[in-house]
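Chain by chain, the residues:
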Amino acid sequence: SDVYKRQQNAIFDALSDGGRRLFAVGDVKQSIYRFRQAEPGLFMRKLAAFGAQEDAPRRKVALNRNFRSRSAVLDAVNRVFAHVMDARVTGIDYDEDARLVPGAPTQDDPPVEVHALQAGTRSAQEQAALEAEWVARDIERVTTCADSDGRVTEYRDIAVLLPVAKDVARRVETALSRRGIPVYTDA
């Protein structure tokens with residue numbers, strides 16, 4: 001697999017006059033896909049050879065303006081990634097070029113909550129069931145309490161992002177349905 005990646009990279013270099021006529025777009029944060037044989041090291045080496053100056057022979061342009069997500073979501077992502085993406089651990093620093101910048105002004109965004117649950121020594125099935133129950137209880141909590149502005153969160157304000165793992169969506173859907181919480185999954 002590494003040989004294939006090096007061969008592919010050599011072909012790109014040859015076709016682009018040694019990289020001088022190469023236009024590459026990538027997101028090193030996608031290195032989470034290493035399990036699918038992504039090789040962020042290739043991208044990082046290319047990135048290090050580029051400069052941000054307009055007259056740089058190999059110019060780097062950060063495409064970090066995001067028009068798809070609201071400011072509150074981007075702020076939450078930036079806070080989490082700033083802590084978990086550290087070159088000493090992941091090989092990647094979450095620097096200013098990596099930070100996501102809102103492309104549109106905020107419009108009274110609701111707060112974003114991030115929760116991390118420890119797996120401990122439970123089986124994957126036990127962990128998934130506990131997480132599903134926790135999600136259901138938390139949705140009940142936020143839909144019955146007003147925030148500091150007196151607004152109560154509605155079900156339609158909530159999105160639950162899940163890993164693509166066997167039966168996880170079904171377990172969450174079951175836990176929510178048992179509590180009368182309307183749910184739709186696109187598993």
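Look a little higher up for the structure.
The model shown is predicted, which means the values in this text are computed figures rather than measured ones.

**Describing the overall build of the protein**
- Along its length, the protein carries six helices and two strands.
- From first element to last, N terminus to C terminus, the protein shows the α and β order α-α-β-α-α-β-α-α.
- In summary, the protein has a C-alpha radius of gyration of 21 Å against a globular reference of 16 Å for 187 residues, an excess of more than 25%.
- Here the C-alpha coordinates of the protein stretch approximately 60 × 40 × 30 Å along the principal axes.
- Residues counted as buried form 21% of the 187 residues belonging to the protein.
- Within the protein, contacts between residues at least 6 apart in sequence are counted, and of these 54% link residues at least 24 apart.
- Put simply, the protein shows about 14200 Å² of open surface, and 53% of that area lies on carbon and sulfur atoms.
- Put simply, the protein has 28 plus and 28 minus side-chain charges, and the middle of one group is 6 Å from the middle of the other.

**With respect to helix α3 (residues 71-84)**
- Along its 14 residues, α3 runs 20 Å from first to last C-alpha, staying within 8% of the 20 Å computed at 1.5 Å per residue.
- Every buried residue of α3 is listed here: S71, A72, L74, A76 and N78.

**A word on a nonpolar patch on the surface**
- On the surface, a cluster of nonpolar side chains totalling about 350 Å² of accessible area is made up of V73, V80, V84, V112 and V114.
- Looking at where V114 falls in the secondary structure, it is placed in the loop between β2 (101-102) and α5 (124-142).

**A word on the side chain of N78**
- Tracing the backbone through its elements, the reader meets N78 in helix α3.
- A relative accessible area of 1% places N78 in the buried class.
- In contact with N78, other than residues within four places in its own chain, are Y94, R99 and L100.

**A short note on the packing of aromatic side chains**
- Enumeration over the complete set of coordinates arrives at one aromatic pair.
- Measuring from centroid to centroid gives 5.4 Å for F81 and Y94, while their planes differ by 90°, and the two rings are edge-to-face. Taken as a pair, F81 in helix α3 and Y94 in the loop between α4 (87-90) and β2 lie far apart in primary sequence, 13 residues in all.
- We classify Y94 as buried; its relative accessible area is 10%.

**Notes on the nonpolar core**
- A132, V135, A136, I139, V172, A175, L176 and I181 form the largest nonpolar core, which has eight residues in total.
- Elements represented by at least two residues in this core include exactly α5 and α6 (168-178).
- Dropping the residues within four chain positions of it, I181 is found in contact with A136, I139, E140, Y155 and L176.

**Section: the environment of L47**
- Position of L47 relative to the elements: it lies in helix α2 (residues 40-48).
- Counting along the chain gives eleven residues from L47 to R58, while the straight-line C-alpha distance between them is 9.4 Å.

**Structural notes on the packing of α5 against α6**
- Direction vectors running N to C along α5 and α6 enclose 40°, while the axes themselves pass 8 Å from each other. By the angle between their axes, α5 is oblique relative to α6. The element α5 and its partner α6 pack so that their crossing is right-handed. Facing Q125, A128, A129, A132, E133, V135, A136 and I139 of α5, the residues of α6 in contact are V168, R171, V172, A175, L176 and R178.
- Residue classes in the contact of α5 with α6 are distributed as ten nonpolar, one polar and three charged.

**Observations concerning the pattern of salt bridges**
- A full pass over the atoms with the stated rule returns eight salt bridges.
- Where E140 meets R179, a salt bridge forms, and the shortest distance between an N and an O atom there is 3.1 Å. Of this pair, E140 sits in helix α5 while R179 sits in the segment after α6, placing them 39 residues apart in sequence.
- According to the relative accessible area criterion, E140 is partly exposed, its value standing at 30%.
- Between E154 and R156 there is a salt bridge whose closest N-O contact spans 3.0 Å.
- Given the relative accessible area of 38%, E154 is considered partly exposed.
- Three or more residues are tied together by salt bridges with common partners; here these are E133, E140, R178 and R179.

Parameters at a glance
- Think of each chain on its own: its residues are numbered from 1, step by step along the sequence as written.
- Per-residue local features of the predicted model are confined to residues with pLDDT of at least 70, and side-chain atom pairs are confined, for both listing and counting, to 80 or more; whole-chain, interface and lining totals are unaffected and use all residues.
- To obtain the side-chain values, all non-hydrogen atoms of the structure were included, while hydrogens and water were left out.
- The helix count covers DSSP runs of H or I at least four residues long, the strand count covers runs of E at least two residues long, and both are numbered beginning at the N terminus.
- Throughout, radius of gyration means the C-alpha value; the globule benchmark is 2.2 Å times the number of residues raised to the power 0.38.
- To sort residues, take the accessible area from a 1.4 Å probe on protein chains only and compare it with the maximum for the residue type: under 20% means buried, over 50% means exposed, and anything in between is partly exposed.
- The contact criterion used throughout is that any non-hydrogen atoms of two residues lie within 4.5 Å.
- Every accessible area reported is derived by Shrake-Rupley at a probe size of 1.4 Å, with residue values counting cover from the shown protein chains alone.
- Two residue types count as positive, namely Lys and Arg, and two as negative, namely Asp and Glu; His and chain ends fall outside the count.
- Charge positions come from single atoms, namely NZ of Lys, CZ of Arg, CG of Asp or CD of Glu.
- Given a helix with a known number of residues, its expected span is that number minus one, times 1.5 Å.
- Exposure above 30% relative accessible area and the absence of a salt bridge qualify a residue for a patch, where like charges join within 9 Å and nonpolar side chains (Val, Leu, Ile, Met, Phe, Trp, Tyr) within 5 Å.
- Whenever a carboxyl oxygen of Asp or Glu lies within 4 Å of a side-chain nitrogen of Lys or Arg, that contact is scored as a salt bridge.
- Working definition: a ring pair exists when centres of Phe, Tyr or Trp rings (six-membered ring for Trp) sit within 6.5 Å. Plane angles under 30 degrees give stacked, over 60 give edge-to-face, the rest tilted.
- Throughout this description, the term nonpolar core refers to a set of buried Ala, Val, Leu, Ile, Met, Phe, Trp, Tyr and Cys residues connected via side-chain atoms within 4.5 Å.
- Every angle, taken between N-to-C directions, lies between 0 and 180 degrees, and every axis is a line fitted to C-alpha atoms, over only the stretch in contact when it is a helix.
- Here is the rule for angles: anything less than 35 degrees is roughly parallel, anything more than 145 is roughly antiparallel, 65 through 115 is roughly perpendicular, and the remaining ranges are oblique.
- The crossing is said to be left-handed when, going from far helix to near helix, the turn is anticlockwise and less than a right angle, and right-handed when the turn is clockwise.
- Charged means Asp, Glu, Lys or Arg here, nonpolar means Ala, Val, Leu, Ile, Met, Phe, Trp, Tyr, Cys or Pro, and polar covers whatever is left, Gly included.

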